Amino acid sequence: MSAAALAVVVASCAGPFPQSALHPRSDFGGAVDRLFFDIFWWAAFVFVVVEALLVIALVRFRHREGRPTPKPAHGHTGLEIAWTLAPAVILVFVAVPTVRTIFATAGEAPADALQVGVIGHQWWWEYRYPDLGVVTADEMHVPVGKSVRVSITSADVIHSFWAPALGGKRDAIPGRVNYIAFRPDSAGDYPGQCAEFCGASHANMRLHVIVDSDSGFRAWVAAQQAGPRLPARGSLAERGKAVFSRNACIGCHTIQGVSPGIIGPNLTHAGSRTTIAGGMFPNDSATLAQWIADAPALKPGSIMTRMQPPLTDADIAALVAYLEILR
Ligand code: CUA
């Protein structure tokens, strides 16, 4: 390998790569990471032994003038037993931790684990907290140091839920529920994405798992459990609420007490999220306005189409103002 190529490889291992399974932040992530390095070092050991024997054979038995042909080792019972047994023993050392890790990460969790239901949609994630009465989208909040049991399914096609720092990917299959369980060990925002091809915007189906401090999580739950904020009288947001209520928005989105739609994300607390559109874009007024005006332009194939007839700029500004007060 040339020095330049080596430099590229080394450089690609450094730097900020938040979606890396090599920086585990949960018990599940740690178990997979340990298994990976276990197997990596066995593979490295086998590589070194095999290459060393090869080089020794090449040097020692190379052709020299006048030297007789070396005696073949064919039929050497001791050697044949050795090179059958040695790989079998190494495979046992690989198989035992592998099987142990498969069982340890099969989705079992303590009875007091936080239950979160994940539902894949084209192309965003819905999160339901059945014991807390919370429904949200794009960003899953969990408390640090507590076991979480995630039940995963899909509303349409097969997706795959994957937040690499916290756990392995697991498929979201319509009509079936799969489980993962993990206990996050440090607070932070851990990005992930859909890991199963699910249509035009598969690559735009991101997610965030936000691991909060204990008190931060309690505050988040309390805010989510409250009803939607009411716009101030005569405000732009109040006009936005009227625009929302008389347009097709209500057919797809729930805002508690305002509209019952279930096709798109629940917007009761849309303003509290940091991202929109499946974790793709920042939740700021400029992006929201672009999204409402023409979602498919930002995200190919988006099921939220352009409104017909199009909304006026004034209506869009009012809608944005309304969504932003829904904290
Ligand atoms: Cu959902 Cu890929």
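Okay, so let's go over this structure. These figures come from a predicted structure and were not determined experimentally.

Looking at the overall build of the protein
Scanning the protein from terminus to terminus reveals 9 helices and 14 strands. On C-alpha atoms alone, the protein measures out to a radius of gyration of 27 Å, which is more than a quarter above the 20 Å that the 2.2 N^0.38 rule sets for 327 residues. Across its three principal directions, the C-alpha atoms of the protein cover 105 × 45 × 35 Å. Residues classed as buried in the protein amount to 39% of the 327 residues present. Here the contacts in the protein between residues at least 6 apart in sequence split such that 63% fall between residues at least 24 apart. When the accessible surface of the protein is summed, it comes to about 18,100 Å², and 65% of that surface belongs to carbon and sulfur atoms.

Some points on the sheet that holds strand 10 (residues 206-212)
What the 3 strands build is an open sheet, ordered 4-10-9; its pairing is mixed. One side of each edge strand has no neighbouring strand; the edge strands of this open sheet are strand 4 (139-143) and strand 9 (188-193). With strand direction ignored, the average angle separating the axes of adjacent strands in the sheet is 25 degrees. As paired elements, strand 9 and strand 10 share 6 bridges and run antiparallel to each other. Pairing of Gln193 across the sheet is with Arg206, part of strand 10. Helix-sheet contacts for helix 4 (residues 214-225) involve strand 4 and strand 10, and the interaxial angle to strand 4 is about 130 degrees.

Looking at the sheet that holds strand 1 (residues 114-121)
Read across the sheet, 5 strands follow the order 3-2-1-5-8 without closing on themselves; strand pairing throughout is mixed. Looking along the sheet, the strands with just one partner apiece sit at the ends: strand 3 (134-137) and strand 8 (178-182). Going from strand to strand, the sheet's axes swing by 25 degrees on average, the running direction of each strand aside. Across the sheet, helix 4 touches strand 1, strand 2 (124-129) and strand 3, and the angle it forms with strand 3 is around 100 degrees.

Observations regarding empty space enclosed by the protein
Considering all chains together, one arrives at 1 cavity of 30 Å³ or more under this definition. The space that makes up the largest cavity amounts to roughly 30 Å³. Thr136, Glu139, His141, Trp220, Gln224, Ser272 and Arg273 together form the lining of the largest cavity. At the level of secondary structure, the elements contributing two or more residues to the lining of the largest cavity comprise strand 4 and helix 4. Residues that form the lining of the largest cavity fall into these classes: 1 nonpolar, 4 polar and 2 charged.

Points about the packing of helix 5 (residues 236-246) against helix 9 (residues 313-325)
The N-to-C vectors of helix 5 and helix 9 enclose an angle of 105 degrees; their axes lie 7 Å apart at closest approach. Relative to helix 9, helix 5 is oriented roughly perpendicular. In this structure, helix 5 contributes Leu236, Ala237, Arg239, Gly240, Lys241, Val243, Phe244 and Arg246 to the contact, and helix 9 contributes Ala314, Asp315, Ala317, Ala318, Leu319, Ala321, Tyr322 and Ile325. Looking at side-chain class alone, the contact of helix 5 with helix 9 contains 11 nonpolar, 1 polar and 4 charged residues.

Conventions adopted
- Per-chain numbering applies: the sequence of each chain, read as written, is numbered from 1 onward.
- Confidence filtering applies because this is a predicted model: local features only for residues at pLDDT of at least 70, side-chain atom pairs given and counted only at 80 or more, and all residues used for totals across whole chains, interfaces and linings.
- With hydrogens and water excluded, all non-hydrogen atoms of the structure serve as input to the side-chain values.
- Secondary structure follows DSSP: runs of H or I at least 4 residues long count as helices, runs of E at least 2 residues long count as strands, and numbering of each begins at the N terminus.
- With the radius of gyration taken over C-alpha atoms, the globule rule is written as 2.2 Å times the number of residues to the power 0.38.
- Buried residues are those whose accessible area, probed at 1.4 Å on protein chains only, stays under 20% of the maximum for their type, while exposed residues exceed 50% and partly exposed ones sit between those limits.
- Contact definition: two residues touch when any of their heavy atoms are within 4.5 Å.
- All accessible-area figures derive from a Shrake-Rupley calculation using a 1.4 Å probe, and residue coverage is judged against the displayed protein chains alone.
- Criterion used throughout: strands pair if DSSP finds at least two bridges between them.
- Only the stretch in contact is used when a helix axis is fitted, and all axes are lines through C-alpha atoms; the angle between N-to-C directions ranges over 0 to 180 degrees.
- Here a cavity is any set of points on a 1 Å grid over the protein atoms alone where a 1.4 Å probe fits but cannot get out, and a pocket is any open set with protein on both sides within 12 Å along at least 5 of 7 lines; a residue lines the site when it has an atom within 4 Å of a point.
- Grid points are joined across faces, edges and corners, and a volume is the space filled by probe spheres set on the points.
- Residues are grouped as follows: Ala, Val, Leu, Ile, Met, Phe, Trp, Tyr, Cys and Pro are nonpolar; Asp, Glu, Lys and Arg are charged; all remaining types, including Gly, are polar.
- Small angles under 35 degrees read as roughly parallel and large ones over 145 as roughly antiparallel, with 65 to 115 read as roughly perpendicular and the rest as oblique.

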